[in-house]
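Listed below are the residues making up each chain.
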2 protein chains.
Amino acid sequence: MTPTTASAQRARPTTARKREEILKAAIETFGSKGSTNGTLADIAEQVGMTHAGVLHHFGSKQKLLLEVLSYRDKTDVEELTDQHIPGGPELFLHLVRTAFANARRPGIVQVFTVLSSESVTNGHAAHSYFLERYQVLRADVRDAFEVLCAQEGVTDREAIDKASASILAVMDGLQLQWLLEPTAVDLGEASEFAITAIVHEVLRPGQPLSSYARGES
Amino acid sequence: MTPTTASAQRARPTTARKREEILKAAIETFGSKGSTNGTLADIAEQVGMTHAGVLHHFGSKQKLLLEVLSYRDKTDVEELTDQHIPGGPELFLHLVRTAFANARRPGIVQVFTVLSSESVTNGHAAHSYFLERYQVLRADVRDAFEVLCAQEGVTDREAIDKASASILAVMDGLQLQWLLEPTAVDLGEASEFAITAIVHEVLRPGQPLSSYARGES
DNA sequence: CCTGGCTAACTTACTTGTCAGTAAGTGCGC
DNA sequence: GCGCACTTACTGACAAGTAAGTTAGCCAGG
C-alpha cells in the first residue's frame, strides 16, 4: 500500500492525526473569518502550536486552504454508506439529504460559501478548484436528469442545462441566506421545495410567467 | 431649498463628481479583489490620488464600503422608469429582467456576490446591510406571491416562504456560477427558468421527489 | 543518533488611519 | 473688482498593527 500522499515519509504516527487536527481547525477558522481574514496564528492557536508549526505541516497558507477544500470533499463522500454519489433520480434525493445534513454543520457550509465567492476574484488560489467543482456537479445533475427524463418520456436538453445549474444555485443561495439569519430560512425544507420545483418544471413545463401578470390563469 | 445632504456644505462643484469617481473605482476594486483584499491605495491609484485623499472623502474604508453598496441600490432603482419596484406578479418579471440586465454588468454582480458572502463572517462591516437586504427582498417576494396566489385561488403560507427565499437564492447562486464561467451558464435564461419553476410549484404543487426515484410517474 | 516536529525570533511586506502642511478654491466686506 | 478670511482637497510621511514566511536550533522517538 502506497502512503496517502506519495512522496512524504511521515515517520511519527501522531503526524497524520495532528495534520487532521490542523485541518479541522482551519475549517473552523476559515469558516468563521474567511480565508483572507483567518490567520495561520488563529489556526495554530486552536491546536496548541505556533503558526510556524502549521507551516511545517502544510508549507504555505494556500496549500493548507486547498487541502481544506479537498478534505471536505473526501469526508463528504465517506459519509455515504456505499462510498459513491448516486446517479439517476436518486441524486436529487441525495442533494436534499445533503441540504438537511448541512443545516447541522454551519462551519463547513460557511467555509464553502465564503471561499466559493472569494474564488471568483482575480487569481484566487481556489478559483480553478471551484470552477471544476461546478463543472463536475452540473454534469452529475445533468446525467441524473437524463435518466429521469428518459424514464418519464421527456427530452429538453436546454431545460436540463438550465435546471442543473439552477439546482446547485438554489442550494448555494439558500446557504447564504441561512448563514446570515438561520431562523429566517429552513435550509433543508427550502432546498427540497426548490429542487422539487425545478425537477417538475423539467418534466412538465408550465405556462410562461408573463401570463400570470396578464391575469390569465 | 434645503441642500441635498443636510449638514455638509460641499463647496467645490467638482467634489460630487470626484466622489462618484472614487465610488466607481471602489466598485471595480472590491469587485475584482474583494473588500478585504482591495486596498484604499488600489482605489486611490485608479482615480489618481493617494489613499489619504480617498479617506478625506469617505472617512474610513468601512464607510466607503457601505456607500458602495447603497450606491448600487440607488442606481438600480434609477433604472426603473417609474422609480419604484413593482409589486404583485409583475415583480417576478422584474426579477427576470434584472437577471438579464445583470448579465451585462459583471462588475457590479461580482461586488455583490463577493461582498454578500464575505458579510457572512463574524463582524463584517456589511453584515447587517445584507441581513436587512434579504429580509426586505424576501418580504417583497412574499407580497408578490400573496397577490398572485389570491388571484389564482391558492394559499400555502409555508410554500410561499420557502419559495421567496428560493427565488432570491437561485438568482444569487446562478450569478456565482456565471461569474466563475460565463459561458457555462446563461444568467438570464437560467434565472427565468428557475423562477418560473418555483412560481409554478407554489401555484400547482406536484408529487414528491421520492416518487420519481421509485419509478412512479 | 539522526530525523521529524516544533518553537523562538526575526524579517519583509503591507494596510489602515492620523497628522501636519500646502495649494487652490469660495465668498464676503468693501 | 480686490483682497482677506476661511475651507476644501489633497499630499507625504509616519505610527501602529498584522500577516506570511524563513532560519536556526532544541528535543524526543524510533
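The rules behind the values
Residues numbered from 1 in each chain as written. Chains lettered and ligands numbered in written order. Predicted model: local features only at pLDDT ≥ 70, side-chain atom pairs only at ≥ 80, totals over all residues. Heavy atoms only, no water. Helix = DSSP H or I, 4+ residues; strand = E, 2+ residues; numbered from the N terminus. Buried < 20%, exposed > 50% of the residue type's maximum accessible area, 1.4 Å probe, protein only. Contact = heavy atoms within 4.5 Å. Areas by Shrake-Rupley, 256 points an atom, 1.4 Å probe, with all protein chains shown as cover. Lys, Arg positive; Asp, Glu negative; His and termini not counted. Charge placed at Lys NZ, Arg CZ, Asp CG, Glu CD. Least-squares fit on C-alpha atoms with pLDDT ≥ 70 in both. Buried area = accessible area lost by both parts, 1.4 Å probe. Salt bridge = Lys/Arg side-chain N within 4 Å of Asp/Glu carboxyl O. Polar contact = N/O pair within 3.5 Å; in protein donor to acceptor, adjacent residues only side chain to side chain. Nonpolar A, V, L, I, M, F, W, Y, C, P; charged D, E, K, R; others polar. Expected span 1.5 Å × (residues − 1). Near = heavy atom within 4 Å.

**Regarding the overall build of chain A**
For chain A, the helix and strand inventory stands at ten helices and zero strands. From first element to last, N terminus to C terminus, chain A shows the α and β order α-α-α-α-α-α-α-α-α-α. Taken over the C-alpha atoms alone, chain A extends approximately 70 × 40 × 30 Å along its principal axes. Within chain A, the proportion of its 217 residues that are buried is 51%. Relative to all contacts within chain A whose residues are 6 or more apart in sequence, the contacts with residues 24 or more apart total 66%. Counting every atom, chain A has about 10,200 Å² of accessible surface; 53% of that belongs to carbon and sulfur. Put simply, chain A has 21 plus and 28 minus side-chain charges, and the middle of one group is 8 Å from the middle of the other.

**With respect to the relation of the copies chain A and chain B**
Take chain A, turn it by 180 degrees, move it 0.0 Å along the axis, and it overlays chain B with an RMSD of 0.3 Å. Both copies are brought into coincidence by an operation consistent with a two-fold rotation axis. Residue A:Val170 of chain A places its C-alpha closer to the rotation axis than any other residue of that unit, at 2.0 Å. Mapped onto chain B, 100% of the interface residues of chain A again fall at the interface, so both copies present the same surface.

**Considerations on the interface of chain A and chain B**
Contacts between chain A and chain B engage 70 residues on the former and 70 residues on the latter. Summing both sides of the interface, chain A and chain B together bury roughly 5,600 Å²; the carbon and sulfur share of this comes to 67%. A per-residue breakdown of the area chain A buries against chain B is headed by A:Leu180, A:Phe193 and A:Leu209, which together make up 14% of the total. When the shortest N-O distance is used, the salt bridge between A:Glu181 and B:Arg138 registers 3.0 Å. Here chain A and chain B share 17 residue pairs in polar contact (both at pLDDT 80 or more) between them. Where the side of chain A that touches chain B is concerned, the elements lending two or more residues are helix H1 (14-37), helix H5 (90-102), helix H6 (106-118), helix H7 (127-152), helix H8 (157-180), helix H9 (187-203) and helix H10 (210-213) of chain A. Broken down by class, the residue content of the side of chain A that touches chain B amounts to 34 nonpolar, 25 polar and eleven charged.

**Concerning helix H4 (residues 61-79) of chain B**
With 19 residues, H4(B) should cover 27 Å at 1.5 Å per step; its first-to-last C-alpha distance of 27 Å lies within 8% of that length. Considering only its buried residues, H4(B) is in contact with helix H1 (14-37), helix H2 (40-46), helix H3 (51-58), helix H6 (106-118) and helix H7 (127-152) of chain B.

**Digging into the protein's contact with DNA strand D**
Contacts to DNA strand D come from 19 residues, most closely from A:His51, A:Lys61, B:Thr15, B:Thr50 and B:His57. Near the protein, within 4 Å, the atoms of DNA strand D are sugar or phosphate in 65% of cases. Within the side chain of A:His51, one N or O atom sits 2.7 Å away from a base nitrogen of DNA strand D. Within the contact set of DNA strand D, a phosphate oxygen lies 2.6 Å away from a side-chain nitrogen or oxygen of B:His57. Looking at the surface near DNA strand D, the elements that each hand over two or more residues are helix H3 (51-58) of chain A together with H1 and H3 of chain B. The greatest single-element share of the surface near DNA strand D, amounting to four residues, is contributed by H3(B). Here the residues of the surface near DNA strand D are counted per class, giving five nonpolar, ten polar and four charged.

**Regarding the pattern of salt bridges**
All names here are of chain A. Overall, the coordinates contain 20 salt bridges over all chains when judged by the stated rule. Two residues, Asp42 and Lys33, come together in a salt bridge whose shortest N-O distance is 3.2 Å. On the basis of relative accessible area, Lys33 is assigned to the partly exposed category, the value being 30%. The closest approach of N and O atoms between Asp161 and Arg157, which form a salt bridge, is 3.3 Å. Of this pair, Asp161 and Arg157 both sit in helix H8, four residues apart, which is roughly one turn of that helix. By relative accessible area, Arg157 is classed as partly exposed at 48%. It is possible to trace a salt-bridge network through shared partners that takes in Arg142, Glu146, Arg157 and Asp161.

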